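Spelled out, the chains give:
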Amino acid sequence: MGKIKRECDNYVYSSVRYRIKDYEKIGDHTIKKFELVSEYAKGWAHKILGYSQSEGLIYIDCMCNCGKYYDNNGSIVEGTAIRVARVINQINASHQKEAILHFNDLDKGKMLHLKSVIDMMDLQHVKIYYHSTDANELLRLLVKSDLEKHNTLLFYDPYQADIDWNALEPFFNTWGEVIINHMVSDVIRGARNVNNPEKIAKYEKTYHKSIDEIIKTSNAPNNREEFEKMANSIIESCIYPNSKKYYIASFPFYIKTNQLIYNLIYFSWNVKGMILFKKTAWDIFGGQSSKKHTIASEMPGQMCLDFDTGNIKKDVRPGIYTVYDIAKYIYSKYKDKGEVTWEEIYSDLEKHPIFPCDGYKPKIKMMLKDSFGTVNKRDSVIFENRGIYE
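Residues numbered from 1 in each chain as written. Predicted model: local features only at pLDDT ≥ 70, side-chain atom pairs only at ≥ 80, totals over all residues. Heavy atoms only, no water.

Undergrad: Which parts of the structure should I look at to understand the environment of serine 38?
TA: By secondary structure assignment, the location of serine 38 is in helix H2 (residues 28-50). Linking serine 38 and threonine 80, residues 42 residues apart in sequence, is a C-alpha distance of 5.9 Å. When residues no more than four places from it in sequence are discounted, the contact partners of serine 38 are Arg83 and Val84. Of the polar contacts made by the side chain of serine 38, one reaches the backbone oxygen of phenylalanine 34; its length is 2.7 Å. (Helix = DSSP H or I, 4+ residues; strand = E, 2+ residues; numbered from the N terminus. Contact = heavy atoms within 4.5 Å. Polar contact = N/O pair within 3.5 Å; in protein donor to acceptor, adjacent residues only side chain to side chain.)

What follows is the structure, encoded as structure tokens:
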């Protein structure tokens, strides 16, 4: 213990001279990922710590780097570990429950630097454990502890398409949530010409398929969707028999060339967690399901004229959903029923893997009325003029 403390103290001293160039440069999509995970953790911590029967929570960031980065403008950006530690400490100040945080990175120097930064924040209402080991080995170690005592949020953030589902399986089957960074761009780019046995083994472990099947999928026109289906199917296979209903959401992140770089996959046993994650994601993305780079004059989701038919249509960008798409989904599903209660519609949206409900009800109602001609009543909606808007 004394040796570890001396190493940390020495690194704290040297980290005072840490310069921007020592941090990793990140893009806008990574910053959005930090915002989404930390904002969700904030809402999650409020709910768990505010629940009278809860004794506390456990947050695990098993691939958290050194805690700081710099953006395209050279400005320092805080990573998820620092953001989450700060916000959970603030929330728990008024609850005084057990808030346990586990931070890990394979690079010991990065972990020592993260510790030095967080130590200077003087957080009094969280208990933080720092690890420097393989992330999957850490999860196997942690699962042997009493995870059932607290609600757990695990953030699993590999740099490549490298997922150890065996290490994650116990966390899918405990009281808590899991967020996985599915780096789908890695397999699409790397599998086609892969020769390295280690990389082949990595892809086969991640997707539970032979390398020939993975290469075939990577060459398919809808490769991203197919790899996403594979990941969801593997999660389903990890769930213990006779378990209750679970919920999965997924949100894409794009780089400046509008190529999909990864999806954040969210898993929970609690529909309230699903509701919160979707609302947080749409809020982070400005009222839609993701961000793509467009020219300054382009307005996402705006209405435009179809010169071929003379009708008003939606200006869509593939991979991005707006409130219009939520309204279109509702109209397509319920239009033949004539009149449907809002309670039925909102219950449907709460379980949807992408579309939010909480925080977007007024906009959904307005879009249904303006774009699909519905008659909105206090407790129900009437679908009229069926067929005109199809």
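Undergrad: Teacher, can you tell me more about the sheet that holds strand S3 (residues 68-70) here?
TA: Strand pairing in a sheet relies on backbone hydrogen bonds. The paired strands run either parallel or antiparallel. Strand order across the open sheet formed by three strands is S1-S3-S4, with mixed pairing between neighbours. With one partner strand each, in any of the chains shown, strand S1 (24-25) and strand S4 (76-78) form the two edges of the open sheet. Running at roughly 55° to S4, helix H3 (residues 80-92) makes contact with S3 and S4 of the sheet. (Pairing = 2+ DSSP bridges. Axes fitted to C-alpha atoms, helices over the stretch in contact; angles between N-to-C directions.)

Undergrad: Which parts of the structure should I look at to understand the environment of methionine 121?
TA: By the secondary structure assignment, methionine 121 is in the loop between helix H4 (108-120) and strand S6 (127-131). Overall, the relative accessible area of 22% leaves methionine 121 in the partly exposed class. Note: C-alpha distance between methionine 121 and arginine 86 (35 residues apart in sequence) is 8.0 Å. Beyond its immediate chain neighbours, meaning those up to four positions away, methionine 121 contacts Ile82 and Arg86. (Buried < 20%, exposed > 50% of the residue type's maximum accessible area, 1.4 Å probe, protein only.)

Undergrad: Could you clarify how one ought to interpret the nonpolar core in this entry?
TA: Nonpolar side chains in soluble globular proteins generally cluster together in the buried interior. Counting 67 residues, the largest nonpolar core has Trp44, Tyr59, Ile88, Phe103, Ile330, Ile345 and Leu349 as its most contacted members. With eight residues, H2 is the single largest residue contributor to this core. Look past the residues within four positions of isoleucine 88 in its chain and what remains in contact with it is Trp44, Ala45, Leu57, Tyr59, Ala99, Leu101 and Val126. By size, the runner-up hydrophobic cluster in this structure holds 29 residues, among which are Cys238, Ile248, Phe267 and Trp269. (Core = buried A, V, L, I, M, F, W, Y, C linked by side-chain atoms within 4.5 Å.)

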